[in-house]
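# Per-entry structural report
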Amino acid sequence: MADPSCLAHRSSDGERCQTVQEHLTGTAERAAEFGAAFGCAEQARWVGLLHDIGKYSAAFQRRLRGGEVVDHSTAGAQLAFQQRQLPAAFAIAGHHGGLPDGGSKSDPGSAPTLFGRMKRQVEPCDGWRCEINPFPPPPPPAQMKGGNFTQAFYTRMLYSCLVDADYLDTEAFMEGHALPRGGSAGMEELLRRLNAYIAPWWPPKTELNARRCAILRSCLDQGAVAARGLYSLTVPTGGGKTVASLGFALSLAAAQKMDRVIYVIPYTSIIEQNAAVFSGILGEENVLEHHSGAEYSLGEGASPDEYRKVLATENWDMPVVVTTSVQFFESLFANHSSRCRKLHNLANSVIIFDEAQNLPLPYLRPCVAAIAELVQHYRAAAVLCTATQPALQDLFAEFAPNLPIRELCPSPQEQSLAFCRTTLRNLGELEQEALGTALAGVPQVLCIVNRRKTAQELFEALPREGSYCLTTLLCPAHRKQLLQEIRTRLAAGQPCRVVSTSLIEAGVDVDFPIVYREEAGLDSILQAAGRCNREGRRAPSESPVFLFRLAGQRIPAMIAPNVASTEHVLRQFSDPSGPDAVEAYFRFLRLIKGSDALDQKGILKGFATDMNGSIFPFATAAERFRLIESPAVTVYLPWGDGAALIRQLRSGIQTRSLFRRLGQYGVPVYPDHLEKLRSAGAVQFLDHDIRVLTDLRFYRETTGLTMDVETGAGWFI
């Protein structure tokens, strides 16, 4: 029986105690359950048993009675290291402060690296020898037979099992009971709900709907017999890929007894749209929307379903998760427990990468390597879902030579031709004034440009009735309102002229008779074409997509390689929308960029270091892997409900929940623009990184935050 003097935790009221033995065994069993999803239950159990043996020290017991903070994780890490269990040593060493860099054997004991910590003196804690029996250590798992990156990836997954189990066991003790996690519908039930939802679609009423239904049926049928693996779903814009991909995922998950479906999407606008679709089909209680703009909060009388969603944001313990590319990939390369505890729930999951052409080019090789690891070693299935496949076969072959990409869409070339509803016409160079005149001369038209300032200038040349300007200078809540007005006017046949930046291209369901697109990457051009004649009500010849270059304007440096690649494809292919042309575009783009540009921060190079040098730079990689690196900062607006939220900020409330809701009322601003607003006295700094617009005269209902600012006086508090 455990010595009651060796405690791991005391309840907040001081009435209850949890012994170290109880905590270690409870954590070990939970970790083993998580590790079983990828064949590593015994390794995870072993780590769980050792992670807090430092709490047997007299110094830690004094800490529980109000003494000084004491390092209680290094002892278990040193024991694991002595047993040549390097992943376990990393996981235990980092289960509070985060996975450290491995460092090198020459590191002194004062170094924050794993090698440094292995040289530290730790408090005596031999009491564990009488209460737990962690020996012999488990044999190395299959995941440890690969190269350094494979071994490092396994270390992260083991770490995830440990930190989530540690959190859950501690949480259950502190609350006095396990919180209501899980309890959602299984994959078979979700598949039944999907089939009930789509049943009225048969027989299809139009030729396009017949093709959409054929793609959906093919995905459902293939999912029922497919194995876990790597897939592509190449469906033209407007081909119904959202529901088709869900059909494949649920069918595969039900057949293979998989745990969840995870959608990874580049834009929050698409996330909100898709999450609403999934919730309508599967039930809100089964869908977790996890990104910076989604908030689940608990009020008095919160239901168990509301409670589960709040808790599930921590570890994705839900059957369907919809998240951002930033959240997904940065978590895979993070080193802190709060970001990593969800990773083990990627195992035995179907992961859909929607709009896969937007996988971040500067981090493409690390992202592909991570996807390959999940599919090869963690019983996951991955689907690259897009109208414009980014030609990743050669990269996947590098990291997973025996992992073919299997296409799910029947006859992609044929589908591309069948879904062709527009005619691309290259107008060459246009004067901005002439473009404005052309837009004003038609009742319904969409024009997509590369710069926010250009969009605002073109808008000013349009008739006021039914004209709209959509850019990130409008806060998200405002854009949603305007998009609803736009859809209503389009459906009613009323005048509707929209000038937008690229934010309207992906996943925004609008249908214009004419589209203009400033020169850009081929994927952007084809996405723009997807907003024209979307339902095929007109002949392609009557649905032009005009490509143009604005006279006197340089191509933005960020997209110059994309434009060059587009020009290359337009010279080579008569049909630039076909799969062959799209593949040629992405291959040429990567050729222009060069191989070093696909791992711009040297993430993979860091993990490829020889074992005699520095090993496994977990902390360094986490710092370098930042998908969004922009000098822009957010200014919050007192527009609509944003005014009440800002009042809460002013009262001193600065919670994560509040900032998530404020995200719907924020506008990204670059330094020179911010300085102009500050000098004009239009921005209040609540502290060094919280900025609030104080004068709504600088925010227009038509174009958003003004870019032409007269200077005045700013103020700080």
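Residues numbered from 1 in each chain as written. Predicted model: local features only at pLDDT ≥ 70, side-chain atom pairs only at ≥ 80, totals over all residues. Heavy atoms only, no water.

## Looking at the overall build of the chain
Scanning the chain for helices and strands turns up 29 helices and 24 strands. Radius of gyration (C-alpha) of the chain: 28 Å, near the 27 Å computed for a compact globule of 717 residues. Principal-axis analysis of the C-alpha atoms places the extent of the chain at approximately 85 × 65 × 55 Å. In the chain, the share of contacts with a sequence separation of at least 24, taken over all contacts with a separation of at least 6, comes to 75%. (Helix = DSSP H or I, 4+ residues; strand = E, 2+ residues; numbered from the N terminus. Rg over C-alpha atoms; globule rule 2.2 N^0.38 Å. Contact = heavy atoms within 4.5 Å.)

## Some words on the nonpolar core
The biggest cluster of nonpolar side chains holds 97 residues, and the ones touching the most others in it are Phe 38, Ile 53, Phe 328, Phe 329, Leu 332, Phe 353 and Leu 374. For this core, the leading source of residues is helix H8 (residues 148-175), giving twelve residues. What Ile 53 contacts, discounting residues up to four positions off in sequence, is Leu 24, Ala 75, Gly 76, Leu 79, Cys 125, Trp 128 and Ile 132. Residues Leu 446, Val 510, Leu 649 and Tyr 699 belong to the second largest nonpolar core, which totals 48 residues. (Core = buried A, V, L, I, M, F, W, Y, C linked by side-chain atoms within 4.5 Å. Buried < 20%, exposed > 50% of the residue type's maximum accessible area, 1.4 Å probe, protein only.)

## Remarks on the environment of Ser 245
You can see Ser 245 is positioned in helix H11 (residues 241-256). You can call Ser 245 buried: its relative accessible area is 2%. Between the C-alpha atom of Ser 245 and that of Phe 353, which follows or precedes it by 108 residues, the distance is 9.8 Å.

## Notes on the packing of helix H19 (residues 432-440) against helix H20 (residues 452-460)
Between H19 and H20, the shortest axis-to-axis distance is 9 Å and the interhelical angle comes to 55 degrees. Between H19 and H20, the angle is such that the two are oblique. Viewed along their axes, H19 and H20 form a crossing whose handedness is right-handed. Across the interface between the two elements, Gln 432, Leu 435 and Gly 436 of H19 pack against Thr 454, Glu 457 and Leu 458 of H20. Of the residues contributing to the contact of H19 with H20, the split by class is two nonpolar, three polar and one charged. (Axes fitted to C-alpha atoms, helices over the stretch in contact; angles between N-to-C directions. Parallel < 35°, antiparallel > 145°, perpendicular 65-115°, else oblique. Left-handed = near helix turned anticlockwise from the far one by under 90°. Nonpolar A, V, L, I, M, F, W, Y, C, P; charged D, E, K, R; others polar.)

## Brief notes about the side chain of Ser 57
Tracing the backbone through its elements, the reader meets Ser 57 in the loop between helix H2 (41-50) and helix H3 (58-64). Within polar-contact distance, the side chain of Ser 57 engages the backbone nitrogen of Phe 60 at 3.1 Å. Beyond its immediate stretch of four places on either side in the chain, Ser 57 contacts Glu 123, Pro 124 and Cys 125. (Polar contact = N/O pair within 3.5 Å; in protein donor to acceptor, adjacent residues only side chain to side chain.)

## Some points on the side chain of Thr 703
Examined against the element boundaries, Thr 703 turns out to sit in the loop between strand E22 (699-700) and strand E23 (704-705). Contacts of Thr 703, omitting those with residues within four sequence positions, involve Gln 456, Phe 459, Glu 460, Cys 469, Thr 471, Leu 473 and Leu 474.

Purely geometric stuff here, so don't read any function into it on its own.
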